[in-house]
Amino acid sequence: MRFRAKIVDLACLNHFSRIINTIAKLAKTCILRLTVCKLYFILSDKVANGGASMWCELSQGNFFDEFQMEGVAAEHNEIYLELVPENLSRALKTSQSAKAVKMKLTNKHSPCLRVAVELPSLSSSSRIVTHDIPVGVIPRRMWNDFREPSVPDFDVSIYLPVLKTMKSVVERMKNLSNFIVIEANLSGEMNLKIETDLVSVTTHFKDLGNPPWASEDGCQSSAQGRDLESMTEACIDIKKLQQLLAGQQVNPTKALCNIVHKRIVHFILLHEEVSLQYFIPAIS
Amino acid sequence: MPLSAQPPASGERYALSASLDNARHLSSLLRAVHFQDHATCLATASGLRVTVEDAKCIQANAFIQAEIFQEFSVQEESVMFRISLSVLLDCLTIFGTSSLPGTSTALRMCYRGYGYPLMLFLEEGGVVTVCKINTQEPDELLDFDFCSTKVVNKIILQSEGLREAFAELDMTSEVLQITMSPDKPYFRLSTFGNAGSAHLDYPRDSDLMEAFHCSQTQTNRYKISLLKPSTKALALSCKVSIRTDAQGFLSLQYMIRNEDGQICFVEYYCCPDENITEAEL
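Not measured: the values here are computed from a predicted model.

All names here are of chain B. Relative to the elements of secondary structure, Arg 82 occurs in strand β6 (residues 78–84). Reaching out from Arg 82, the side chain makes a polar contact with the side chain of Asp 139 at a distance of 2.9 Å. The residues contacting Arg 82, other than those within four sequence positions of it, are His 38, Ala 39, Thr 40, Thr 135, Gln 136, Glu 137, Pro 138 and Asp 139.

Listed by partner, the interface residues are 23 residues for chain B and 19 residues for chain A. Our count for the contact surface shared by chain B and chain A stands at zero salt bridges. In this assembly, chain B and chain A are joined by twelve residue pairs in polar contact (both at pLDDT 80 or more). Those elements that provide at least two residues to the side of chain B that touches chain A are α2 (85–92) and β9 (127–133) of chain B. If one sorts the elements of the side of chain B that touches chain A by residue count, β9 of chain B sits on top with seven residues. Classifying every residue of the side of chain B that touches chain A gives 13 nonpolar, eight polar and two charged. Sheet topology places strand β14 (residues 199–205) of chain A next to β9 of chain B; six bridges connect them, and they run antiparallel. Within the sheet, the bridge partner assigned to Ser 200 of chain A lies in β9 of chain B and is Lys 132 of chain B.

So, on to the nonpolar core. Counting residues in hydrophobic clusters, the biggest one holds 155 residues, and the most contacted among them are Phe 267 of chain A together with Leu 120 of chain B. For Phe 267 of chain A, the residues in contact, after removing those within four places along its chain, are Leu 160, Met 166, Ile 182, Leu 241, Leu 244, Leu 256, Cys 257, Leu 276, Gln 277, Tyr 278 and Ile 280 of chain A. In this structure, Ile 31, Trp 55, Ile 138 and Phe 146 of chain A belong to the second largest nonpolar core, which totals eight residues.

What follows concerns the sheet that holds strand β3 (residues 38–44) of chain A. Residue and element names in this part refer to chain A. Read from one edge of the open sheet, nine strands run β10-β6-β2-β3-β4-β18-β17-β16-β11, paired in antiparallel fashion. In this open sheet, the two strands that pair with only one neighbour each are β10 (136–137) and β11 (156–159). Here six bridges tie strand β4 (residues 53–59) to strand β18 (residues 274–281), and the two strands are oriented antiparallel to one another. Note that in β18 the partner of Ser 53 across the bridge is Phe 279. Helix-sheet contacts for helix α1 (residues 10–26) involve β2 (30–34), β3, β4, β17 (264–271) and β18, and the interaxial angle to β4 is about 170 degrees. Strand contacts of helix α5 (residues 238–247): β17 and β18, with the helix running at about 165 degrees to β18, the strand carrying the most contacts.

All names here are of chain B. Of note, the amide linkage connecting Lys 184 to Pro 185 takes the cis form, showing an omega dihedral of 5 degrees. Summarising the element assignment, Pro 185 is placed in the loop between β11 (175–180) and β12 (187–193). Non-glycine residue Ala 55 carries a positive phi angle of around 55 degrees. As for its position among the elements, Ala 55 is in the loop between β3 (47–54) and β4 (58–65). At Tyr 186, a position not held by glycine, the phi torsion is positive, near 60 degrees. Here Tyr 186 lies in the loop between β11 and β12.

Before going further, it helps to examine the layout of surface pockets. Reported here for the largest pocket is a volume of approximately 500 Å³. In this structure, the largest pocket is lined by 30 residues; those nearest its centre are Lys 164 and Thr 165 of chain A together with Phe 95, Gly 96 and Glu 124 of chain B. Breaking the lining of the largest pocket down by element, the ones donating at least two residues are α3 (163–176) of chain A together with α1 (24–31) of chain B. Here the lining of the largest pocket gets six residues from one element, more than from any other, and that element is α3 of chain A. The residue makeup of the lining of the largest pocket, split by class, is nine nonpolar, 13 polar and eight charged. Taken as a whole, the second largest pocket holds about 420 Å³ of empty space. Lys 28, Thr 29, Leu 43, Ser 44 and Asp 45 of chain A are, among the 21 residues lining the second largest pocket, the residues nearest its centre. Of all elements in the fold, only α1, β2, β3 and α5 of chain A reach the threshold of two or more residues within the lining of the second largest pocket. The residue makeup of the lining of the second largest pocket, split by class, is ten nonpolar, four polar and seven charged.

Right, let's get into the pattern of salt bridges. Enumeration over the complete set of coordinates arrives at 15 salt bridges over all chains. Here Lys 193 of chain A makes a salt bridge to Glu 183 of chain A, at a shortest N to O gap of 3.5 Å. Of the two residues, Lys 193 of chain A is situated in strand β13 (residues 190–195) and Glu 183 of chain A in strand β12 (residues 179–184); the sequence distance between them amounts to ten residues. For the salt bridge of Arg 188 of chain B with Asp 201 of chain B, the shortest nitrogen-to-oxygen distance reads 2.7 Å. Of this pair, Arg 188 of chain B sits in strand β12 while Asp 201 of chain B is found in strand β13 (residues 196–202), placing the two residues 13 residues apart along the sequence.

The next subject is the packing of α1 of chain A against α5 of chain A. Residue and element names in this part refer to chain A. Following both chains from N to C, one finds α1 and α5 inclined at 160 degrees, their axes separated by 9 Å at the closest point. Taken together, the axes of α1 and α5 are roughly antiparallel relative to one another. Here α1 and α5 pass one another in a crossing that is right-handed. In this structure, α1 uses Thr 22, Lys 25 and Leu 26 to contact α5, whose residues at the interface are Gln 243, Leu 244 and Gly 247. Of the residues assigned to the contact of α1 with α5, the class counts are two nonpolar, three polar and one charged.

Right, let's get into the pairing of strand β17 (residues 250–257) of chain B. Residues and elements named next belong to chain B. Within β17, six of the eight residues are buried, which leaves it mostly tucked inside the rest of the structure. Relative to β17, strand β16 (residues 237–245) is paired through seven bridges, and the arrangement is antiparallel. By the bridge assignment, Arg 243 is partnered in β17 with Ser 251. In sequence, β16 turns back onto β17 through a hairpin of four residues, with Gly 248 there showing a positive phi of about 95 degrees. With eight bridges connecting them, β17 and strand β18 (residues 263–270) associate as antiparallel partners. Bridge pairing links Tyr 254 to Val 266 in β18. As consecutive antiparallel partners, β17 and β18 are separated by five residues, and within that stretch Gly 261 has a phi angle of approximately 85 degrees, a positive value.

Calculation notes
- Residues numbered from 1 in each chain as written.
- Chains lettered and ligands numbered in written order.
- Predicted model: local features only at pLDDT ≥ 70, side-chain atom pairs only at ≥ 80, totals over all residues.
- Heavy atoms only, no water.
- Helix = DSSP H or I, 4+ residues; strand = E, 2+ residues; numbered from the N terminus.
- Polar contact = N/O pair within 3.5 Å; in protein donor to acceptor, adjacent residues only side chain to side chain.
- Contact = heavy atoms within 4.5 Å.
- Salt bridge = Lys/Arg side-chain N within 4 Å of Asp/Glu carboxyl O.
- Nonpolar A, V, L, I, M, F, W, Y, C, P; charged D, E, K, R; others polar.
- Pairing = 2+ DSSP bridges.
- Core = buried A, V, L, I, M, F, W, Y, C linked by side-chain atoms within 4.5 Å.
- Buried < 20%, exposed > 50% of the residue type's maximum accessible area, 1.4 Å probe, protein only.
- Axes fitted to C-alpha atoms, helices over the stretch in contact; angles between N-to-C directions.
- 1 Å grid on protein atoms, 1.4 Å probe; cavity = no way out; pocket = protein on both sides within 12 Å on 5 of 7 lines; lining within 4 Å.
- Points joined across faces, edges and corners; volume = space filled by probe spheres on them.
- Parallel < 35°, antiparallel > 145°, perpendicular 65-115°, else oblique.
- Left-handed = near helix turned anticlockwise from the far one by under 90°.

Below, the structure is given as structure tokens:
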């Protein structure tokens, strides 16, 4: 099992740090899955913690100048590591002006992900800051726990409004209530609602557009023949939604959400070759 | 848009209905009196008064004159209700508190009458928010009976002069002592804290002093914890009028200019802490 990678380009490095920061805001610990082409950050939260899950996928070629990895076995050429993303985020904090960042899987006393940040130096000798981040190697028999969640057979799929507006609305609503109802229809309308003994607040967004999903995945079929105006709704933990909106630094070019009536809300944030999916189960 | 999201037609009977192009004009003033969760609102033809009290010793009033609103109509002589100020502020600032140039939150506010909720319709960039805030039985408000004819001493200061003083107040002191006098030291703020006493004097001919009308020497103490919340209003204001009456009641009147140059007032009344005898001076 071997892993060694290097980022040289500053723009790639900053983009990579932003993604790690986002993940650190969403998950205390997560799984880093490495394959030949891709990196995955995976969170599958226990039901007791609210059961939110995350799936973040990036192509290594868009970030890394060197990327070598050898999995546990030739036929299973992958590595699954458990780590605290906050540690990685902190290690990358010094990298804002770095010349290069090297990452390497080491096993001196215990398995570690070594992050070596090479900083610019005025003299001929280089300055290198090294962080050893403890990781847990996930044995193969447990890999099945971290499979990609299937896109749920949603009732409505809708583009999200400007995230800054949505963040501000959700933040105020969080002061007022612990739960939020998200509802949307197939005419590009979405409402955010809270209701307590003191106050009820509804924010109406319109003209958002509904993404065209290919009919081959069968999702569209369930939507066909349905009333375009009727609302599909799910009530979720407002803190989870607020975390996603406040923590995301992905600056997505596309953001959308899929709602399974009273079951789950599935958020997808896309930025070039990065995709972040976040699942928040509904509270009945 | 669902029916519920449509602002009611102006023809409908509302005890109070008002609209405002920029909800920040209201929210920033309300924030200046937000030191307790609940506020009592009184709407009359002249405008809206929002009152917050604490410990039966301090009262803060924010006045938003009818002219500030684009539309302001009250069907009865006066309309009064109590409301959670924190909730009202969260609703008014639902689209954020930052003032990006060119964007403002438009507000329409309706209240059908006793027992009904206060309805807010807010709109920014095509996004509409509807809020229904439950109202409560209004409180009996304190009557400080502070009228201008009973004022003994009055000073008008530019707020920057008081801002610095309030920012540096020794919070270990239980009281703030205010001396106003036709003779030296004219206007003195004193604190008596763990590290010793501090006195701050403003000369009568200071540039900060806009007006000085003191007819007799008065020294009164006020609980610093009660006065501290008024710093929120002080921060927004351009001028402050400091007045005391014969019993030592204090009135702090803050003149606040909003982004559009309109002028509003926030007033704080505070009871004196105790009567100090001549011997203590």
